[in-house]
Amino acid sequence: MLLRSPAKVNLYLRVGPRRPDGFHSLVSWFCSVGLEDTLEFSPNPSGAVTMSCDLPGVPCDERNLIIRAAQAISDLCPGHPGLHIRLQKRIPMGGGLGGGSSNAALTLRALLMLWRCSLPVSRLNDLAAQLGSDVPFFLHLPSAICRGRGEQITRIAPPVSKAVLLILPPIEMPTPMVYRQFDQMCLGADLETVEHALPDPSLPTADLLSVLVNDLEAPAFAISSQLADLRTQCQHALGRPVRMSGSGSTLFTLYDEIEQAHSAAGVIENQLRTKAIACPLGVLP
Ligand code: C5P
């Protein structure tokens, strides 16, 4: 069984002050994008659950959320057969695109199906949240507002914009480091006020772009002035707002049609020598 595991962008990300548990409450609009890993599930005669990856350097043990997700389901389905999971990695790591979280959510779903186990939705959501703050969103594709530390999900229509341009600089942004910088800069939005100003998915692309905010841009750009400069250069080259996804380093902007996003990718690659790809926005795997 071969399944696709899409990436996400945070179209909108407002972050509150640090909570006593060390996490930050947030209000974020997540939307899936058509940049996908694939996971192939096949029988493993050894009886164990193992994984491999086509990209060298990707851990294939408990450090990988796929194995942790498989262990969580394995505990609920005693006597299940062995399984090998082959990951084809296309989503860059440390890029704010949620690749590992997407893989984990897909593994939870796939193993429940393959091993014919059932779980109440709320229990599945809890398991996903234990794996990581972004994992529950991937059980509710393609578009949702996520609250709490990310685990409280409300579905929302995807934007009318059909395409996203992803700009992928070769910079890894570890999420905990960006949140630490956020705290050091004493940042933190008043999320009650934010609730009254959520962007409307029916806005035309130009209007939507003008109201998108990511509160993690300031700390990420304080950590990497190279990323801050690249954002400014992208905005000049494309003549439109460019935002960061999650804790970075991926930058993005939106277009009505995929063809426009493809020509914008050409502009970024030719003028700024930075990898850029055009993808459909709001995809279902
Ligand atoms: O939940 P996840 O493992 O993705 O979080 C990684 C790190 O990001 C956390 O350890 C924490 O430092 C930070 N984080 C946060 N608030 C959130 C989500 C993540 O502070 N809502």
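Residues numbered from 1 in each chain as written. Predicted model: local features only at pLDDT ≥ 70, side-chain atom pairs only at ≥ 80, totals over all residues. Heavy atoms only, no water.

Draft legend 1. Spatial organisation of the environment of Leu 281. Within the secondary structure, Leu 281 is located in the segment after β10 (276–280). For the pair formed by Leu 281 and Arg 86, sequence separation is 195 residues and the distance between their alpha carbons is 26 Å. Contact partners of Leu 281, with chain neighbours within four places excluded, come to Val 9, Cys 31, Ser 32, Val 33, Pro 159, Ser 161, Lys 162, Ala 163, Val 164 and Leu 254. (Helix = DSSP H or I, 4+ residues; strand = E, 2+ residues; numbered from the N terminus. Contact = heavy atoms within 4.5 Å.)

Draft legend 2. Region of interest: the sheet that holds strand β7 (residues 163–167). The strand order β8-β9-β7-β10 describes an open sheet built from four strands, whose pairing is antiparallel. Sheet topology places β8 (243–244) and β10 at the edges, where each strand pairs with a single neighbour. Summarising the sheet, β8 and strand β9 (residues 251–255) pair through two bridges and their orientation is antiparallel. What sits directly across from Met 244, in β9, is Leu 251. Packing against the sheet, helix α9 (residues 258–272) makes contact with β7, β9 and β10, and its axis sits at approximately 170° to β10. (Pairing = 2+ DSSP bridges. Axes fitted to C-alpha atoms, helices over the stretch in contact; angles between N-to-C directions.)

Draft legend 3. Representation of the site of the ligand within the structure. Around the ligand sit Gly 22, Phe 23, His 24, Leu 26, Gly 132, Ser 133, Arg 149, Thr 175, Pro 176 and Tyr 179, and that is every residue in its neighbourhood. One nitrogen or oxygen atom from the side chain of His 24 is found 2.6 Å from an oxygen atom belonging to the ligand. In isolation the ligand offers 450 Å² of accessible surface; the protein chains occlude 71% of this area. For the shell around the ligand, the secondary-structure elements that each account for two or more residues are β2 (24–43) and α4 (175–184). Examining the composition of the shell around the ligand, we find that three residues originate from one element, α4, more than from any other. Grouping the constituent residues of the shell around the ligand by class yields four nonpolar, five polar and one charged. (Near = heavy atom within 4 Å. Polar contact = N/O pair within 3.5 Å; in protein donor to acceptor, adjacent residues only side chain to side chain. Areas by Shrake-Rupley, 256 points an atom, 1.4 Å probe, with all protein chains shown as cover. Nonpolar A, V, L, I, M, F, W, Y, C, P; charged D, E, K, R; others polar.)

Draft legend 4. Molecular detail of the packing of aromatic side chains. If you walk through the whole model with that rule in mind, you get two aromatic pairs. With a centroid separation of 5.0 Å and 40° between ring planes, the pair formed by Phe 30 and Phe 137 is classed as tilted. Residue Phe 30 is located in strand β2, and its partner Phe 137 is located in the loop between α3 (121–131) and β5 (143–147); the two are separated by 107 residues in the primary sequence. Under the relative-accessibility criterion, Phe 30 is labelled buried at 2%. For the ring pair Phe 137 and Phe 138, a centre distance of 5.1 Å and an interplane angle of 65° mean the geometry is edge-to-face. On the accessibility criterion, Phe 137 (0% relative accessible area) is buried. Relative accessible area serves as the criterion here: at 6%, Phe 138 is assigned to the buried category. Counting every residue linked through ring pairs, the aromatic cluster contains Phe 30, Phe 137 and Phe 138. (Phe/Tyr/Trp six-rings, centres within 6.5 Å; stacked < 30°, edge-to-face > 60°. Buried < 20%, exposed > 50% of the residue type's maximum accessible area, 1.4 Å probe, protein only.)

As far as function goes, none of this settles anything; it's purely spatial.
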